[in-house]
Amino acid sequence: MGLEWEQLYKLGTDVAGFALYHPARLAHRNNTPCGWWDEAEKEFRSGRLVAFCTGSDGTFTLKFVQRPLSAAEEKALVVSQAFRYVVEDGRLYWDNTNCLPSEDTFERAEDDPHGWLELPNGRYRITVHALDWFDGISDAEREAPGDISHYIVQVEPVASFRGVPAPKSAPWLQASKSWHAKWVEQQRGK
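Residues numbered from 1 in each chain as written. Predicted model: local features only at pLDDT ≥ 70, side-chain atom pairs only at ≥ 80, totals over all residues. Heavy atoms only, no water.

Description of the overall build of the protein chain
In terms of helices and strands, the protein chain carries three helices and nine strands. Listed N to C, the secondary structure of the protein chain is β-β-α-β-β-α-β-β-β-β-β-α in terms of helices and strands. Relative to the 2.2 N^0.38 estimate, which gives 16 Å for 190 residues, the radius of gyration of the protein chain is 16 Å and therefore close to what a compact globule would have. With respect to the principal axes defined by its C-alpha atoms, the protein chain has extents near 45 × 40 × 35 Å. Taking all 190 residues of the protein chain together, 47% fall into the buried category. Across the protein chain, the 21 positively charged side chains and the 28 negatively charged ones have centroids separated by 7 Å. (Helix = DSSP H or I, 4+ residues; strand = E, 2+ residues; numbered from the N terminus. Rg over C-alpha atoms; globule rule 2.2 N^0.38 Å. Buried < 20%, exposed > 50% of the residue type's maximum accessible area, 1.4 Å probe, protein only. Lys, Arg positive; Asp, Glu negative; His and termini not counted. Charge placed at Lys NZ, Arg CZ, Asp CG, Glu CD.)

Regarding unusual backbone geometry
Although it is not a glycine, E6 adopts a positive phi angle of roughly 65°. Phi is positive for A16, close to 55°, though the residue is something other than glycine. Mapped onto the elements, A16 comes out in the loop between β1 (8-13) and β2 (17-21). Judged by relative accessible area, A16 falls into the buried class, the value being 15%.

Topic: the sheet that holds strand β7 (residues 116-118)
Spatial ordering of the open sheet is given by β3-β2-β6-β7, a layout of four strands whose pairing is antiparallel. On the outer flanks of this sheet lie β3 (50-53) and β7, each paired with one strand and no other. Across the sheet, the axes of successive neighbouring strands diverge by a mean angle of 15°, strand direction being ignored. In terms of strand pairing, strand β6 (residues 91-95) meets β7 through three bridges, oriented antiparallel. What sits directly across from L92, in β7, is L117. (Pairing = 2+ DSSP bridges. Axes fitted to C-alpha atoms, helices over the stretch in contact; angles between N-to-C directions.)

A few points about the pattern of salt bridges
Tallied over the full model, the rule gives eleven salt bridges. Two residues, E88 and R25, come together in a salt bridge whose shortest N-O distance is 3.6 Å. In this pair, E88 is assigned in the loop between β5 (77-87) and β6 and R25 in the loop between β2 and α1 (41-46), connecting sequence segments 63 residues apart. In this structure R25 comes out as partly exposed when scored by relative accessible area, which is 27%. R188 is the partner of E185 in a salt bridge, and the nearest nitrogen-oxygen pair spans 3.2 Å. Within this pair, E185 and its partner R188 are both found in helix α3 (residues 177-188), separated by three residues, close to a single helical turn. For R188, a relative accessible area of 61% corresponds to the exposed category. Members of the salt-bridge network, linked through shared partners, are R25, R48, E88 and D89. (Salt bridge = Lys/Arg side-chain N within 4 Å of Asp/Glu carboxyl O.)

Looking at the sheet that holds β1
The strand order β1-β4-β9-β8-β5 describes an open sheet built from five strands, whose pairing is mixed. Two strands in the sheet have a free side with no partner beyond their single neighbour: β1 and β5. The mean angle between the axes of side-by-side strands here comes to 25°, regardless of whether they run parallel or antiparallel.

Things to note about the nonpolar core
Nonpolar side chains tend toward joint burial in soluble globular proteins. Grouped together as the largest cluster of nonpolar side chains are 43 residues, with contacts concentrated most on Y21, L49, I126 and Y151. Of all the elements in the fold, those that place two or more residues in this core are β2, β3, β4 (58-65), β5, β6, β7, β8 (122-131) and β9 (151-157). In terms of residue count, the dominant contributor to this core is β5 (five residues). Judged by nonpolar contacts, the second largest core, of eight residues, contains L69, W133, I148 and I152. (Core = buried A, V, L, I, M, F, W, Y, C linked by side-chain atoms within 4.5 Å.)

Scope: geometric values only; no functional claims are made or implied.
Written out as structure tokens, the structure is:
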């Protein structure tokens, strides 16, 4: 069984990032050194890859939705990034880059029946929202511990990519308001 809407999923990363993609659409990267996804402007622009940096290794939770953020999620919101994505194979794969095509790929997405999100073919705006449930959120306002998601991935069909941005590199979407503020400050100093 693949991924379902509104369900909380956990996945660990040792590269401080996650990606959504279909491996057939990235086959041209099979002989590219790993880590290429951090500077994948061409793939972001053409709607072949959604990838973001978490700011650290670890286990993170993620939920796929087809709705606007709830009021509680809006309050916990740290930062968002919209991506273009073209579904041509009826599904896309959520990964910690272990299966992302490269010369160092050691696992195959096709061998994992659980990491796929089924979607009708077409164009989509996929917005990744990083949430921080512990900075400025009271216990009464916080979602139940079993429902807390570091990331909400909002999927919506679009007729065209007009108005949907294409990042030049994998954005930093840290699920911590204080870490994100420090990162923004560091970027200003560069």
